[in-house]
Structure formats: C-alpha cells, structure tokens
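# Results of the structural survey
Here's the letter readout for the chains.
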Amino acid sequence: MAPLSVICLVLAGASQAASFSRFAPSLAPRLNANKPIDAFVDSLRLQKEQVQVVHDYLVKDSNLDAYLGHRSYDSTQLAATACGTLEILLGKDSVDTSPVNETVVQESWSQTAWLSPNCASFPDSKEDVSLIIKTVQFFGTQFMVRSGGHSPNPGFSSLAGPGLLIDLQRLNRISLSRDGKTVALEPGARWGAVYSTLDPYNVSV
Ligand SMILES: Cc1cc2nc3c(=O)[nH]c(=O)nc-3n(C[C@H](O)[C@H](O)[C@H](O)COP(=O)(O)OP(=O)(O)OC[C@H]3O[C@@H](n4cnc5c(N)ncnc54)[C@H](O)[C@@H]3O)c2cc1C
C-alpha cells in the first residue's frame, strides 16, 4: 500500500481555561445590555427571521443582563442560556441539554472523564463550529473540545458543571485527493473508518 500525507483539521482556539467568578464586582457601572447583544447577534450573520428569534430570546434574560452589566449573576444559568442559544442556532438535534445523555458523557474512553456539562453540542460543519465559538465567547462560558475522547485526563476533552462540550463526532469526513497522495481527515473520523474508506484505493496512513 502507498503511504499518504494526512491533513488533520484542528479546531483553532481550543479549550478556554479562564475561570469565571459567580459574582462580578458590584461597583462596576451598569452597561446597556442591548448593545453587546446586538453586536453578538450581528456577528452571527443569520437570516432575518433567526435574528429576531435569537435577539428576543436574549433580551428577556435578566441573568444575562446582570452578567453584561457586571452585576452578580449565576454562571450555571448563564451557561444554560448559552446552550439555549445554540439550540436556536444549530437546531435541537445538534444540542443535548442538561441532563446530558449518559451515552454522550460515557463516550469518553476513561471513566475519569465521564463528566456532565450543561450541554453538549454536535457541529457538523465549520459554520456550526464558528457559531459555537462566537457563542461561548459572548457568554464567557467554559468549553471543552472532544474529538475521539481518548484523553483520560478529566477536563481535557470533558467538562463538569457550567459550560459546554463541543463534540466533533459528526465532523468525520474522509477525503482522498485527486492524485491519491493526500487524505484530509476531519477530527471526528475513527481509524477503522479511515482504513476501510482507503482500502479500495490501495492506500493507507
Ligand atoms: C488506551 C490508549 C492508547 C493510546 N495509544 C496511543 C498510541 O498508540 N499512540 C498515540 O500517539 N497516542 C495514543 N494514545 C493517546 C491518544 O492518542 C491521545 O489521548 C489523543 O489525544 C486522543 O485523541 P482524541 O481525538 O481521542 O482526543 P480527545 O480526548 O478528544 O482530546 C484530547 C485533547 O485535544 C483537544 N482536542 C480534541 N480535538 C481537538 C480539535 N479538533 N482541535 C483542537 N483541540 C482538540 C481536547 O480538548 C483535549 O484537550 C492512547 C490513549 C489511550 C487511552
């Protein structure tokens, strides 16, 4: 079999290590919450109807208003709102909300990494990944990225409590170049599928 070059797609800006205090300083001046919400919704480049739905969902959230205004807020509720936003953006089939399905949690190889986040999201395109990253950035929510989930270290590709898991299992395309010398693997691809897809071309990695 001929050897191949492999391009692995890596998600830029992986896990966010920042920790967020449950209570922001109470002396900070109150901001007009709608401006950051408008800027966030704008940045998503959505269809007109979707803009209204996301905007309406966010402006009525008093906990988000407190977070944006530097007042005390509940970080679990904030993460839940981030998950709710993703349900609107990606569809309910692409977000598993609290309590996250045990099967999803236990897809991590090691029991030490069987941790439950607020929600798990399942992007199936780079556009979905972009929406998720913009959302976690806006909410300042902790997130973790999982491809195969083989890491036994808790908190590397798993997450407990406030925050969300970005599970890349649906990003699993395997594309062989026209000249048959390079294969592009999306991060959710499994080696078994890679080998069986390439076998008919008599190439391997
Ligand atoms: C039993 C066992 C045997 C192993 N054997 C080998 C071996 O033979 N050779 C070897 O090299 N390694 C081996 N490993 C180590 C394994 O390859 C690594 O743990 C590897 O990181 C697993 O890949 P994964 O996709 O499952 O990672 P995950 O557990 O999903 O993620 C690992 C880390 O990478 C980050 N991450 C995941 N996907 C992305 C992405 N797309 N973009 C940015 N960051 C991302 C995660 O946030 C996490 O921090 C073994 C591990 C185990 C448990």
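Here we summarise the structure given alongside this text. What you see is a predicted model; the values in this text were computed from it and never measured. (Residues numbered from 1 in each chain as written. Predicted model: local features only at pLDDT ≥ 70, side-chain atom pairs only at ≥ 80, totals over all residues. Heavy atoms only, no water.)

Glancing now at the overall build of the chain. Assigned secondary structure in the chain consists of 7 helices and 9 strands. Expressed as a percentage of the 205 residues in the chain, the buried residues total 41%. Put simply, the chain shows about 11300 Å² of open surface, and 54% of that area lies on carbon and sulfur atoms. (Helix = DSSP H or I, 4+ residues; strand = E, 2+ residues; numbered from the N terminus. Buried < 20%, exposed > 50% of the residue type's maximum accessible area, 1.4 Å probe, protein only. Areas by Shrake-Rupley, 256 points an atom, 1.4 Å probe, with all protein chains shown as cover.)

Tallying each qualifying case throughout the model produces 5 aromatic pairs. Seen in terms of ring centroids, Tyr 67 and Tyr 73 are 5.0 Å apart; in terms of plane orientation they differ by 70°. Their pairing is edge-to-face. The residues Tyr 67 and Tyr 73 share a single accessibility class, namely buried. (Phe/Tyr/Trp six-rings, centres within 6.5 Å; stacked < 30°, edge-to-face > 60°.)

The alternating pattern of strand β8 (residues 182–185) places Val 183 and Leu 185 on a buried face and Thr 182 and Ala 184 on a face that is not buried. Sheet topology places strand β7 (residues 174–176) next to β8; 3 bridges connect them, and they run antiparallel. The partner of Ser 175 across the bridge, within β8, is Ala 184. Between β7 and the antiparallel strand that follows it, β8, lie 5 residues; Gly 180 among them carries a positive phi value of about 70°. (Pairing = 2+ DSSP bridges.)

Another point: helix α4 (residues 75–90). The end-to-end C-alpha separation of α4 is 22 Å, in line with the 22 Å expected for 16 residues at 1.5 Å each. Here α4 has its buried residues at Ser 75, Leu 78, Ala 79, Thr 81, Ala 82, Cys 83, Gly 84, Thr 85, Leu 86, Leu 89 and Leu 90. The backbone nitrogen of Thr 76 has a side-chain oxygen 2.8 Å away, supplied by the residue at the start of α4, namely Asp 74. In the segment just after α4, Gly 91 is the residue with positive phi, at about 100°. (Expected span 1.5 Å × (residues − 1). Polar contact = N/O pair within 3.5 Å; in protein donor to acceptor, adjacent residues only side chain to side chain.)

Below, the discussion takes up the environment of Glu 87. Positionally, Glu 87 belongs in helix α4. Note: C-alpha distance between Glu 87 and Thr 97 (10 residues apart in sequence) is 8.8 Å. Not counting the four nearest positions on each side in its chain, Glu 87 is found in contact with Lys 92, Val 95 and Thr 97. (Contact = heavy atoms within 4.5 Å.)

The next subject is the state of the cysteines. Counted under the stated rule, the structure contains 1 disulfide. One disulfide bridge connects Cys 83 with Cys 119, the sulfur atoms lying 2.1 Å from each other. Handedness here is read from the sign of the S-S torsion; for Cys 83 and Cys 119, about -85°, the answer is left-handed. Here Cys 83, found in helix α4, pairs with Cys 119, found in strand β4 (residues 117–121); they are 36 residues apart in sequence, far enough to count as distant. For the pair formed by Cys 83 and Cys 119, the shared burial category is buried. (Disulfide = S-S within 2.5 Å.)

Considering all chains together, one arrives at 5 salt bridges under this definition. Residue Glu 107 is joined to Arg 146 by a salt bridge in which the shortest nitrogen-to-oxygen separation is 4.0 Å. With Glu 107 in the loop between α5 (102–105) and β4 and Arg 146 in strand β5 (residues 143–146), this pair connects stretches of sequence that are 39 residues apart. For Arg 146, a relative accessible area of 3% puts it in the buried group. Two residues, Lys 126 and Glu 127, come together in a salt bridge whose shortest N-O distance is 3.8 Å. (Salt bridge = Lys/Arg side-chain N within 4 Å of Asp/Glu carboxyl O.)

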